[in-house]
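# Structural overview for review
Here is what each chain is made of, one letter per residue.
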Amino acid sequence: MTSSSSSSQDTKRIAHTYPEGLRADALMEEDVAWSHEIDGERDGDQFDRSERAALRRVAGLSTELEDVTEVEYRQLRLERVVLVGVWTSGTVQDAENSLAELAALAETAGAVVLDGVIQRRDKPDAATYIGSGKALELRDIVIETGADTVICDGELSPGQLIHLEDVVKVKVIDRTALILDIFAQHAKSREGKAQVALAQMQYMLPRLRGWGQSLSRQMGGGSGGLATRGPGETKIETDRRRIREKMAKMRREIAEMKTGREIKRQERRRHKVPSVAIAGYTNAGKSSLLNRLTGAGVLVENALFATLDPTVRRAETPSGRLYTLVDTVGFVRHLPHHLVEAFRSTMEEVGDSDLILHVVDGSHPVPEEQLAAVREVIRDVGATDVPEIVVINKADAADPLVLQRLLRTEKRALAVSARTGKGIQELLALLDNELPRPSVEIEALVPYTHGRLVARAHSEGDVISEEHTPEGTLLKARVHEELAAELAPYAPAPAF
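Going by an unreviewed UniProt entry, the protein chain carries the name GTPase HflX and comes from Streptomyces lannensis. Looking at the protein chain in UniProt, the text filed under Function (unreviewed entry) is "GTPase that associates with the 50S ribosomal subunit and may have a role during protein synthesis or ribosome biogenesis." Check the Subunit (unreviewed entry) section of the UniProt entry for the protein chain; it says "Monomer. Associates with the 50S ribosomal subunit."

If you want it as structure tokens, here you go:
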């Protein structure tokens, strides 16, 4: 018996059994009522209506391991990117070096670089950055390589991002977004995370885009009333307003954290402890040099922007003078201005220091470009008046001709190797000579009951001579004005 004939017979049977008014109820109850005469002829398991309407699980489809000891290692799928650069000035070698640095940034962010192209132009195209024809060629390269992201070696306007994405049909980001992504991955401290978040929101605000309901009007934009009069506010405008509110909150938090950093700096100034800031290009070896000079144990990794949070360590010169070493965030060419503004409180460590150790990678093909990029940022934070010592790091892996060129060009430069320790003693001796010395020279006979003044002269000043007499310690030293005023009452009387 077919299912159609069986169902028609069941309907006829219900029509004879029930009156006209109850026929609909009987049809509804037929699914839940079971009778041997009707349901006995059906084959297979019979289910209630709720069970028939429910989602049914299909056994045997789950790939979850039943035995957790049988661990299966799967390779993480990284983003596959194509790099694009516009060569507007300089030599082709300069353009290739810039694209090579962009490739290193992309690898640091966790991407696989498949290809890179450079276009010679007087200036970037206002619509698609590389021009409509080259954008079509770029689309062919993306399809050929199977890339899912295009990274441009420059900061793109919102319009350029939209138009280039429309042509290549994959995600497009620029150098600024890439650097912000690396900073977001490497920020560890509360202040570092807040600074990166602020920079990301500053970058994202003019680049918000909406699709569908994101551009629709929200109710409530008028003067009140039943359905609220007036056009209201679009969803994307609401998002922009929320981002501005979050940015204001982040700026307040960073200002509060800046207060704590300023208190620590004032304490160091009060004790007249000289400060030395280590600045330089990213991956030049700043943290390695800090570890070599102080044994700080800061993370050292062959990656761009491996350390973001500034580290302050106490150190001592060969002559026994105390000073502090500050490891600052690394710089890079075309550093996004959003980051310069967000990290200004951190970069102020460079401006407030007494001496800058400018670390440059001696093994880089063109270290002069690194020097110029770092000095541009130092000029932006107002630290041009601070004395500078150029430390050419990685001397063990550098080209001797490059080292000779740098040592000849830079007036105060020293070649060292933080890995092997070569040149570190010469650097410490140069630090001892270059650190600012107290301005007041004084001679005093300090009683033994005031030995703390002698200890302060050793720690805060420069002791020229020291002699122990029956009356006390005859001290000749160069100290700052505050300590000189405390030692003045013990100055020996002039002989007539």
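So, next bit.
## A word on the sheet that holds strand β2 (residues 111–120)
Ordered in space as β2-β1-β3-β4, the 4 strands form an open sheet in which the pairing is parallel. A strand with exactly one partner marks an edge of an open sheet, and here the two such strands are β2 and β4 (171–174). Pairwise comparison of adjacent strand axes, ignoring direction, gives a mean angle of 25° for this sheet. Inspection of the sheet shows strand β3 (residues 149–152) paired to β4 by 4 bridges, in the parallel sense. Paired with I151 across the strands is I173, a residue of β4. Running at roughly 155° to β2, helix α5 (residues 92–109) makes contact with β1 (79–87), β2 and β3 of the sheet. Packed onto the sheet, helix α8 (residues 175–186) meets β3 and β4 and runs at close to 80° relative to β4.

## Section: the packing of aromatic side chains
Tallied over the full model, the rule gives 0 aromatic pairs. Between R120 and the ring centre of W87, over which it is positioned, the NZ or CZ distance is 4.6 Å.

## Focus: a positive patch on the surface
On the surface, a cluster of positive charge is contributed by R242, K246, K249 and R252. If you trace the backbone, K246 turns up in helix α10 (residues 235–270).

## Observations regarding helix α14 (residues 367–380)
Along its 14 residues, α14 runs 20 Å from first to last C-alpha, staying within 8% of the 20 Å computed at 1.5 Å per residue. When α14 is considered as a whole, its buried residues turn out to be P367, Q370, L371, A373, V374, V377 and I378. One side of α14 holds all its buried residues, which, seen down the axis, span an arc of 165°. Backbone geometry just after α14 places G382 at a positive phi near 75°.

## Side note on the environment of E426
Turning to its location among the elements, E426 is positioned in helix α16 (residues 424–434). Classification of E426 as partly exposed rests on a relative accessible area of 48%. Separated by 12 residues in the primary sequence, E426 and L414 place their C-alpha atoms 8.1 Å from one another.

## Considering the layout of surface pockets
By volume, the largest pocket amounts to about 710 Å³. Looking at the largest pocket, it is lined by 30 residues, and the ones nearest its centre are S98, D153, R175, R333 and H334. Of all the secondary structure elements, the ones that give two or more residues to the lining of the largest pocket are β1, α5, α8, α12 (337–342) and α14. For the lining of the largest pocket, the leading source of residues is α14, giving 6 residues. Of the residues assigned to the lining of the largest pocket, the class counts are 13 nonpolar, 9 polar and 8 charged. Its boundaries defined by the atoms lining it, the second largest pocket holds a volume of some 620 Å³. Together, 28 residues line the second largest pocket, and K171, V172, I173, A177 and Y203 are the ones closest to its centre. Among the elements that line the lining of the second largest pocket, the one with the most residues is α8, at 5 residues. Of the residues in the lining of the second largest pocket, the class split is 17 nonpolar, 4 polar and 7 charged.

Parameters and conventions
- Residues numbered from 1 in each chain as written.
- Predicted model: local features only at pLDDT ≥ 70, side-chain atom pairs only at ≥ 80, totals over all residues.
- Heavy atoms only, no water.
- UniProt positions renumbered as here; feature names shortened; annotations may be inferred.
- Pairing = 2+ DSSP bridges.
- Helix = DSSP H or I, 4+ residues; strand = E, 2+ residues; numbered from the N terminus.
- Axes fitted to C-alpha atoms, helices over the stretch in contact; angles between N-to-C directions.
- Contact = heavy atoms within 4.5 Å.
- Phe/Tyr/Trp six-rings, centres within 6.5 Å; stacked < 30°, edge-to-face > 60°.
- Lys NZ or Arg CZ within 6 Å of the ring centre and 35° of its normal.
- Patch = residues over 30% accessible without salt bridge, like charges linked within 9 Å, V, L, I, M, F, W, Y side chains within 5 Å.
- Areas by Shrake-Rupley, 256 points an atom, 1.4 Å probe, with all protein chains shown as cover.
- Salt bridge = Lys/Arg side-chain N within 4 Å of Asp/Glu carboxyl O.
- Lys, Arg positive; Asp, Glu negative; His and termini not counted.
- Charge placed at Lys NZ, Arg CZ, Asp CG, Glu CD.
- Expected span 1.5 Å × (residues − 1).
- Buried < 20%, exposed > 50% of the residue type's maximum accessible area, 1.4 Å probe, protein only.
- Arc of directions from axis to C-beta.
- 1 Å grid on protein atoms, 1.4 Å probe; cavity = no way out; pocket = protein on both sides within 12 Å on 5 of 7 lines; lining within 4 Å.
- Points joined across faces, edges and corners; volume = space filled by probe spheres on them.
- Nonpolar A, V, L, I, M, F, W, Y, C, P; charged D, E, K, R; others polar.

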